[in-house]
Number of protein chains: 2
Amino acid sequence: MFDAETRPYGSFTTAAHPTVRRACVAVGDQVLDVTDLDPVFADGTLDVLLAAGPVVWADMRSTVAAAEGPLVPLADVRMELPFTVSDYVDFYASEHHATNLGRLFRPGTEPLTPNWKHLPIGYHGRAGTVVVSGTPIRRPSGQSKPAGADQPVFGPCARLDLEAELGFVVGTPSALGEPVPTGAFADHVFGVCLVNDWSARDLQAWEYVPLGPFLGKSFATSVSPWVVPLAALEQARVRPPSADTDLLPYLREKEDWGLDIQFEVRLNGHLLTRPPYATTHWSPAQMLAHLTVNGASVRTGDLFASGTVSGPGADQAGSLIELTRAGAEPLTLPDGTTRAWLADGDEVRISAVAAGGIFLGEVAGRVG
Amino acid sequence: MFDAETRPYGSFTTAAHPTVRRACVAVGDQVLDVTDLDPVFADGTLDVLLAAGPVVWADMRSTVAAAEGPLVPLADVRMELPFTVSDYVDFYASEHHATNLGRLFRPGTEPLTPNWKHLPIGYHGRAGTVVVSGTPIRRPSGQSKPAGADQPVFGPCARLDLEAELGFVVGTPSALGEPVPTGAFADHVFGVCLVNDWSARDLQAWEYVPLGPFLGKSFATSVSPWVVPLAALEQARVRPPSADTDLLPYLREKEDWGLDIQFEVRLNGHLLTRPPYATTHWSPAQMLAHLTVNGASVRTGDLFASGTVSGPGADQAGSLIELTRAGAEPLTLPDGTTRAWLADGDEVRISAVAAGGIFLGEVAGRVG
């Protein structure tokens with residue numbers, strides 16, 4: 001549950017007015033409607049606030065901290081996608097995750113590709129299928145090639161997975177041709193959300209060479225309905241592991257943007273894994289510097305995510321493919337059922353708490 | 001030059017009113033302002049027309065065919081990006097291109113990956129850096145790893161390339177979870193434009209394993225300012241090569257959507273190559289069916305491109321990397337200069353004509 005001070009931002013509708021968006025902050029398990037508090041909230045989303053830049057962000061944080069008004073129980077509103085997603089980029093920033101996947105996908109070779117420690121690897125995902133927490137996740141169909149088969153087959157995904165990730169929401173845009181240095185991270189990024197990057201591993205394995213993941217990821221990406229401003233995470237800032245490696249100058253950080261955030265992933269209510277974000281090799285400031293170093297611009301509403309957060313421990317991996325060794329070692333849940341992959345009806349809930357006890361909300365979704 | 005009948009749609013501004021968008025059709029080398037002709041054009045872009053669907057598209061084509069009014073020389077207006085780009089996907093649909101690149105990137109192995117003839121390979125690109133023809137292209141900087149080097153280096157791209165492609169503009173959206181069959185292609189896709197998918201080959205080669213192209217592509221993608229409706233291309237429809245292969249049912253076409261379109265690529269005015277689109281293996285109806293078969297939705301303004309169009313002949317490749325064999329065999333231009341890759345100041349112009357003599361416009365850009 002959110003404390004009374006964090007006041008993350010969101011957008012909701014009600015059953016009485018299902019098409020009327022209202023902007024809000026969370027206070028405990030209630031929402032405070034801020035739509036009429038300031039013109040930046042007038043459209044009921046965070047779009048105008050995001051575009052307004054760091055001075056307004058700081059002002060508004062004071063304003064909403066002092067705001068009072070009727071509180072509505074969260075259970076009485078419907079949380080919506082809080083901002084319009086422009087481009088969506090997914091990174092691959094956890095060394096433990098990349099190592100685990102390298103071992104599974106390319107056995108017998110060095111698990112990390114030669115470029116991995118030199119740059120934050122990333123790729124573009126589908127912005128149009130980013131959905132808010134609670135949206136039902138339909139099991140995708142597609143092509144896969146079973147081991148030993150001559151030809152690919154078509155059918156429902158048999159290896160549906162979750163990926164626990166941290167998302168970064170861009171506010172201030174940048175100009176085409178002008179890279180954003182690591183030191184300007186907080187001038188452009190407004191805050192964070194939680195991300196579940198649902199993955200169809202059988203589709204992904206067959207399609208991803210040579211141009212990367214496509215249909216194995218594009219059917220849905222869930223995000224938490226709350227955006228927590230960077231300003232609430234000051235106590236959580238830590239040195240990222242990449243700081244101790246030899247980096248090209250544009251990737252060196254002026255100040256640390258690693259984040260000490262503890263994730264928890266629950267499957268049908270059972271705690272599945274506790275990935276520690278602080279072990280993530282690349283910081284989000286490095287991700288943004290890399291994303292723009294070629295002159296690519298960012299826009300208000302761009303979302304970039306860390307990639308799966310996995311720690312070194314066996315109970316710290318942020319995806320089933322790691323936890324079950326690609327299905328070879330199914331998990332037994334406390335209710336006695338086993339899971340190699342997600343079953344129809346399964347509900348995944350990912351929550352996180354930042355150092356200092358700052359709750360970051362949760363992203364949930366049910367399959368089928 | 002456009003004939004008087006094609007009447008492709010675009011959006012322009014003028015020096016007198018640089019922020020006021022006006023919708024238009026091209027008539028020869030002049031533009032006819034249609035902003036006040038119908039409410040769908042009221043915002044001066046094609047966004048509302050695209051969303052309106054096939055019945056309105058057909059009506060509007062009759063309306064603009066009969067429209068009269070003052071014609072303004074193209075030289076007196078500034079053409080703008082004609083629609084708001086939602087998601088951008090780039091395919092890899094030319095067998096000759098994929099074979100040529102496979103030989104260059106993965107020598108000694110089978111040039112086509114095992115999946116290539118079973119599905120149209122594609123990946124998401126950066127929608128926020130799609131720019132209209134004429135926008136200057138700044139040479140990107142980034143990491144690359146020179147042959148034989150121990151460590152990557154940072155600097156301006158040394159292998160800047162062009163890619164001649166055909167783009168497809170989505171009008172009618174689809175619902176999340178509901179695939180668009182090949183037979184519904186023309187219900188969703190409004191028309192075509194020309195695309196130059198600028199590529200930094202040295203950045204791309206270092207970054208693209210395992211998650212695909214990222215900074216090697218994301219700095220800029222140029223599109224022609226005119227969208228030619230599918231209705232103007234009826235005479236150009238041909239059977240695509242994939243029709244003669246064994247395909248999973250969702251990729252079989254009810255009617256042929258291959259297109260007989262002849263591209264021409266000019267470098268500083270000199271004809272460089274003439275890629276024939278009709279040789280493209282996968283049709284755009286197959287691309288859309290694949291893109292959505294996992295339940296991914298499309299939105300109004302989605303752009304998907306064919307990937308580089310290359311024919312079987314040595315003078316039919318749609319990129320420099322193919323024409324110069326990755327720089328090993330530089331081209332000599334008629335002015336006596338040579339090019340392995342694009343030089344600062346180079347201007348690339350890509351134009352195309354569909355069977356029946358339908359001019360499709362051009363996409364131009366100058367480096368630096």
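Predicted, not measured: the structure shown is a model, and the values here were computed from it. Per-chain numbering applies: the sequence of each chain, read as written, is numbered from 1 onward. Each chain gets a letter, beginning with A, and each ligand a number, beginning with 1, in the order they are written. Totals for whole chains, interfaces and linings use every residue, but because this is a predicted model, local features are given only for residues with pLDDT of at least 70 and side-chain atom pairs only at 80 or more, for both listing and counting. Hydrogens and water molecules were not included; the side-chain quantities draw on all heavy atoms of the structure.

1. Overview of the overall build of chain A
Short version of the rule: Each helix is a run of H or I in the DSSP string that is no shorter than four residues. Each strand is a run of E no shorter than two, and both are numbered from the N terminus. Note that the radius of gyration is over C-alpha atoms, with the globule rule given as 2.2 Å times the number of residues to the power 0.38. Per-residue accessibility, obtained with a 1.4 Å probe over protein chains only, is compared with the maximum for each type, and a residue is labelled buried under 20%, exposed over 50%, and partly exposed between these values.
Along the backbone of chain A there are eight helices and 25 strands. In terms of overall size, chain A behaves like a compact globule, its C-alpha atoms giving a radius of gyration of 20 Å where 368 residues would be expected to give roughly 21 Å. Overall, chain A is about 60 × 50 × 35 Å in size when its C-alpha atoms are taken along their principal axes. Here chain A holds 368 residues, and the buried ones make up 60% of them.

2. Focus: the relation of the copies chain A and chain B
Note the following rule: A residue counts toward the fit only if its pLDDT is at least 70 in both copies, and the copies are then superposed by least squares on the C-alpha atoms of those residues. In what follows, residue pairs with any heavy atoms lying within 4.5 Å of each other are defined as contacts.
With an RMSD of 0.0 Å, the fit of chain A onto chain B corresponds to turning through 180° and sliding 0.0 Å along the axis. Such a combination of rotation and displacement between the chain copies is what one expects of a two-fold axis. Ranked by how close their C-alpha atoms come to the rotation axis, the residues of chain A are headed by G212(A), at 2.1 Å. Looking at chain A, 100% of its interface residues are interface residues in chain B too, so the copies touch through the same face.

3. Overview of the sheet that holds strand β25 (residues 358-366) of chain A
Residues and elements named next belong to chain A. Rule in force here: In this description, strands pair whenever DSSP reports at least two bridges between them. Between N-to-C directions, angles cover 0 to 180 degrees, with each direction set by a line fitted to C-alpha atoms, over the stretch in contact for helices.
As summarised here, the arrangement of the four strands in space is β20-β19-β24-β25, forming an open sheet in which the pairing is antiparallel. Every interior strand has two partners, whereas the edge strands, β20 (270-273) and β25, have only one. The average undirected angle you get between the axes of adjacent strands in this sheet is 25°. As paired strands, strand β24 (residues 347-354) and β25 are joined by seven bridges and run antiparallel to one another. Of the residues in β25, the one forming a bridge with V353 is F359.

4. Some thoughts on the pairing of strand β1 (residues 9-13) of chain B
Residue and element names in this part refer to chain B. Taken across its five residues, β1 has five buried, putting it largely inside the fold. Both β1 and strand β5 (residues 78-79) contribute to a ladder of two bridges, which runs antiparallel. Residue pairing for β5: F12 is matched across the bridge by M79.

5. Quick word on the sheet that holds strand β2 (residues 22-27) of chain B
All names here are of chain B. Strands sit in the order β4-β3-β2-β1-β5 across an open sheet of five strands; the sheet is antiparallel. The open sheet has two edge strands, β4 (71-73) and β5, and neither has a second partner. The pairing of β2 with strand β3 (residues 30-33) spans four bridges and is classified as antiparallel. Paired with V27 across the strands is Q30, a residue of β3.

6. A look at the nonpolar core
The criterion, for reference: Throughout this description, the term nonpolar core refers to a set of buried Ala, Val, Leu, Ile, Met, Phe, Trp, Tyr and Cys residues connected via side-chain atoms within 4.5 Å.
One finds F263(A), F304(A) and L360(A) to be the most contacted residues of the largest nonpolar core, which totals 78 residues. When near neighbours in sequence (up to four residues on either side) are disregarded, F263(A) contacts A164(A), E165(A), L166(A), L194(A), T273(A), R274(A), P275(A), Y277(A), V309(A), I350(A), S351(A) and A352(A). Ranked by size, the runner-up nonpolar core spans 77 residues in total, among them L215(A), I321(B), V348(B) and V363(B).

7. What about the state of the cysteines?
All names here are of chain A. The test is simple: Cysteine sulfur atoms that pair up within 2.5 Å are treated as a disulfide.
This model, assessed by the stated rule, comprises zero disulfides over all chains. Unpaired in terms of disulfides, C24 finds its nearest cysteine sulfur in C193, a separation of 15 Å. Here C24 falls in the buried class, since its relative accessible area comes to 0%.

8. Examining the interface of chain A and chain B
Under the convention used in this document: Note on definitions: buried area is the accessible-area loss of two parts on being combined, 1.4 Å probe, summed for both. Whenever a carboxyl oxygen of Asp or Glu lies within 4 Å of a side-chain nitrogen of Lys or Arg, that contact is scored as a salt bridge.
Facing 56 residues of chain A, the contacting portion of chain B comprises 56 residues. For the pair chain A and chain B, the summed buried area comes to about 5,300 Å², and 61% of that belongs to carbon and sulfur atoms. Among the residues chain A hides against chain B, the three largest losses belong to R126(A), L211(A) and F214(A). Together they make up 16% of the total. The interface formed by chain A and chain B includes two salt bridges. Taking the shortest distance from any N to any O, the salt bridge between R126(A) and D302(B) comes out at 2.8 Å. Ranked by residue count, the leading element in the side of chain A that touches chain B is strand β7 (residues 122-125) of chain A, at four residues.

9. What to know about unusual backbone geometry
Trans is the common state for peptide bonds, and a negative phi is the common state for residues other than glycine. Backbone torsion omega between V209(A) and P210(A) reads 10°, so that peptide bond is classified as cis. Looking at where P210(A) falls in the secondary structure, it is placed in the loop between α5 (201-207) and α6 (215-218). Phi at R7(B) is positive, roughly 45°, even though this residue is not glycine. Within the secondary structure layout, R7(B) lies in the segment before β1. The class of R7(B) is buried, set by a relative accessible area of 11%. Even without being a glycine, R325(B) presents a positive backbone phi close to 50°. The topology assignment puts R325(B) in the loop between α8 (320-323) and β22 (331-332).

10. A few points about the pattern of salt bridges
In the structure shown here, the tally under the stated rule is 40 salt bridges over all chains. Between K117(A) and E95(A) there is a salt bridge, with the nearest N and O atoms lying 3.2 Å from each other. Taken as a pair, K117(A) in the loop between α3 (95-105) and β7 and E95(A) in helix α3 lie far apart in primary sequence, 22 residues in all. Classification of E95(A) as partly exposed rests on a relative accessible area of 23%. In this structure, E255(B) engages R237(B) in a salt bridge whose closest nitrogen and oxygen atoms are separated by 3.1 Å. You can see E255(B) sitting in the loop between β17 (237-238) and β18 (258-259) and its partner R237(B) sitting in strand β17, a full 18 residues away along the chain. One salt-bridge network, in which partners are shared between bridges, spans D161(A), E163(A), D197(A), R201(A) and K217(A).

11. Notes on helix α7 (residues 284-292) of chain B
Defined as follows: Polar contacts, as used here, are pairs of N or O atoms within 3.5 Å; protein pairs need one atom able to donate a hydrogen and one able to accept it. Residues neighboring in sequence count only if both atoms are side-chain atoms.
For α7(B), the buried fraction is high: nine of the nine residues fall into the buried class. Taken together, the buried positions of α7(B) are occupied by P284(B), A285(B), Q286(B), M287(B), L288(B), A289(B), H290(B), L291(B) and T292(B). Structurally, α7(B) contributes buried residues whose contacts are with α6 of chain A together with β6 (88-91), β12 (164-170), α4 (185-188), β13 (189-196) and β21 (303-305) of chain B. Capping the start of α7(B) is the job of one residue whose side-chain oxygen sits 3.2 Å from the backbone nitrogen of A285(B): S283(B).

12. Description of the packing of aromatic side chains
Condition: Any Phe, Tyr or Trp ring, taking Trp's six-membered ring, that has another such ring centre within 6.5 Å forms a pair; planes under 30 degrees apart are called stacked, those over 60 apart edge-to-face, and the others tilted. Charge-over-ring placement is defined geometrically: NZ (Lys) or CZ (Arg) within 6 Å of the ring centre, and within 35 degrees of the ring normal.
Summed over all chains, the structure comprises 26 aromatic pairs over all chains. Between F154(A) and Y250(B), the ring centres sit 5.0 Å apart and the planes meet at 40°, which makes this aromatic pair tilted. Taken together, the residues F154(A) in strand β10 (residues 153-156) and Y250(B) in the loop between β17 and β18 connect one chain to another. Its relative accessible area of 39% is what places F154(A) among the partly exposed residues. A connected cluster of aromatic rings, assembled from ring pairs, spans F91(A), F168(A), F185(A), W257(A), F304(A) and F214(B). Note that R237(A) overlies the ring of W257(A), its terminal NZ or CZ placed 3.7 Å from the centroid.

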